[in-house]
Amino acid sequence: MDFDEFMFLYDVCFKQGKPTAESPQIDVRAEEKKKKKKQEEEEEEEELRRLAAEQERIKKELLEAEEERKRLEDEEEERELKKLEEERERIRAAKEKIQKEEEIEAKLKKERERKRLEDERKQLEAESEQKRIAEETLRQSLEHERQLLEKQAETRRQNDEAHRKRLEEERRKLSTQPQPSQTVPTDTGRSKSAIVGSGSKIQTKAELCTVCGKRVYFSDRLSVDDKIFHKTCLKCEHCKKTLSLGNYASLMGKYYCKPHFKQL
């Protein structure tokens, strides 16, 4: 409340309605002030309404801006998610490609290994077949040689048997006509026996063993490959078993029993 209003109220209240010369002016001023105040209040209300409208507009713009921001964030997030998904898909495709390449490489390596093993197996089979053929050829050769040696041994045995029988026959004939015998030394140190009969003379030369070099008597005599042995001196080169005309085989001047001859 200003001074003019105070004075107007004072005049009205304390002067009991006694107008003065200044009362109309005071009323006019008070009325103007009321109008001015009312106008100011109306302007203030208008300003408040304008401010409220501005605030509402600003609030609405803020809401729109917030919605726009959220929309942009959603779009950005969606783009980021899409980008991540594309990156994930690219990585997955790259992994699948690498896995396929590794599988192909493993298959090729396995195929190469199988082919190598197959080639080695074929080579081993070929070598085994060649070895088997060589062994079979050698076995047949040895078997053929063994058969030839057996035939030769059998022939020699038969010849020796015939010779033995012939000598036995001559010995029996000579034993029926006993005659004095004389031993004549030879130039080489070997002895000769001369048996003189009626109207005939038989002279025999002493035979030496091929192994021990000692004299071989008829009862202890073996003839093998035109060589003379004692029966106890003809032995296997490998096991030293005593051999006979029926169970020996010779190879390069050496004599073997048949089991060890087959192992050669």
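Going by the structure above, here's the rest.
Residues numbered from 1 in each chain as written. Predicted model: local features only at pLDDT ≥ 70, side-chain atom pairs only at ≥ 80, totals over all residues. Heavy atoms only, no water.

1. Considerations on the nonpolar core
This is how the line gets drawn: Here, nonpolar core refers to any group of buried Ala, Val, Leu, Ile, Met, Phe, Trp, Tyr and Cys residues whose side-chain atoms link them within 4.5 Å. Burial here depends on accessible area, computed with a 1.4 Å probe over protein chains only, as a share of the maximum for the residue type. Under 20% is buried, over 50% is exposed, and the range in between is partly exposed. Numbering of helices and strands runs from the N terminus; a helix is a DSSP stretch of H or I covering at least four residues, while a strand is a stretch of E covering at least two. Working rule for contacts: check all heavy atoms of both residues, and any pair within 4.5 Å makes them a contact.
Grouped together as the largest cluster of nonpolar side chains are 15 residues, with contacts concentrated most on Val224, Phe229, Leu234, Leu243, Tyr248 and Tyr255. Taken together, the elements giving at least two residues each to this core come down to α2 (23-175), β6 (221-224), β8 (248-251) and β9 (254-257). With three residues, the top contributor of residues to this core is β9. Dropping the residues within four chain positions of it, Leu243 is found in contact with Leu222, Lys231, Leu234, Lys235, Cys236, Tyr248, Tyr255, Tyr256 and Cys257.

2. Here's the deal with the pairing of strand β7 (residues 227-230)
What counts is decided by this rule: DSSP bridges decide pairing: two strands pair if at least two such bridges lie between them.
Where β6 meets β7, four bridges bridge the pair, whose relative direction is antiparallel. Among the inter-strand pairings, Ser223 is bridged to a residue of β7, identified as Ile228. The hairpin formed by β6 and β7 contains two residues between the paired strands, and Asp225 there has a positive phi angle of roughly 50°.

3. Observations regarding the pattern of salt bridges
The line we're drawing: The salt bridge criterion pairs a side-chain nitrogen of Lys or Arg with a carboxyl oxygen of Asp or Glu, the two atoms within 4 Å.
Under the counting rule described, the total for this entry stands at 29 salt bridges. Salt-bridge contacts for Arg57 lead to Glu61; the nearest nitrogen and oxygen are separated by 2.3 Å. A residue pair is termed a helical-turn pair when its members lie 3 or 4 positions apart in one helix, as Arg57 and Glu61 do in helix α2 at four residues. According to the relative accessible area criterion, Glu61 is partly exposed, its value standing at 38%. Glu125 is paired through a salt bridge with Arg121; the nearest N and O atoms lie 2.3 Å apart. Linking Glu125 with Arg121, this pair stays in helix α2, spanning four residues, or about one helical turn. According to the relative accessible area criterion, Glu125 is partly exposed, its value standing at 44%. Arg121 gets classed as partly exposed once you look at its relative accessible area, which sits at 37%.

4. Section: the packing of aromatic side chains
The relation between two aromatic rings is expressed through the spacing of the ring centres and the mutual angle of the planes. The condition that has to hold: Here the aromatic set is Phe, Tyr and Trp, taking the six-membered ring for Trp, and pairing holds for ring centres within 6.5 Å; pairs whose planes are under 30 degrees apart are stacked, those over 60 apart are edge-to-face, and all others are tilted.
Tallying each qualifying case throughout the model produces two aromatic pairs. Considering the side-chain rings of Phe229 and Tyr255, the 5.7 Å spacing of their centres and the 80° angle between planes classify their relative orientation as edge-to-face. Of this pair, Phe229 sits in strand β7 while Tyr255 sits in strand β9, placing them 26 residues apart in sequence. Both residues of the pair, Phe229 and Tyr255, count as buried. When the ring of Tyr248 is compared with that of Tyr255, the centres are 6.1 Å apart and the planes differ by 55°; the resulting orientation is tilted. Assigned by exposure class, Tyr248 and Tyr255 land together as buried. Chaining the aromatic ring pairs together yields one cluster made of Phe229, Tyr248 and Tyr255.

5. Details of the side chain of His230
Here His230 is to be found in strand β7. You can call His230 buried: its relative accessible area is 10%. Leaving out residues up to four positions away in the same chain, His230 has contacts with Cys209, Cys212, Lys214, Arg215, Val216, Asp220 and Leu222.

6. Structural notes on unusual backbone geometry
Although it is not a glycine, Lys240 adopts a positive phi angle of roughly 60°. Position of Lys240 among the secondary structure elements: in the loop between β7 and β8. Despite not being glycine, Met252 shows a phi value in the positive range, around 55°. Among the secondary structure elements, Met252 is positioned in the loop between β8 and β9.

7. With respect to the state of the cysteines
Spelled out, the test is: The term disulfide is used for any two cysteine sulfur atoms that are within 2.5 Å.
All chains considered together, the criterion is met by zero disulfides. Not part of a disulfide, Cys209 finds its nearest cysteine sulfur in Cys212, a span of 3.7 Å. On the basis of relative accessibility, which here comes to 4%, the residue Cys209 falls in the buried class. Unpaired in this structure, Cys239 has its nearest cysteine sulfur neighbour in Cys236, at a distance of 3.6 Å. Residue Cys239 is classed as partly exposed on the basis of its relative accessible area of 33%.

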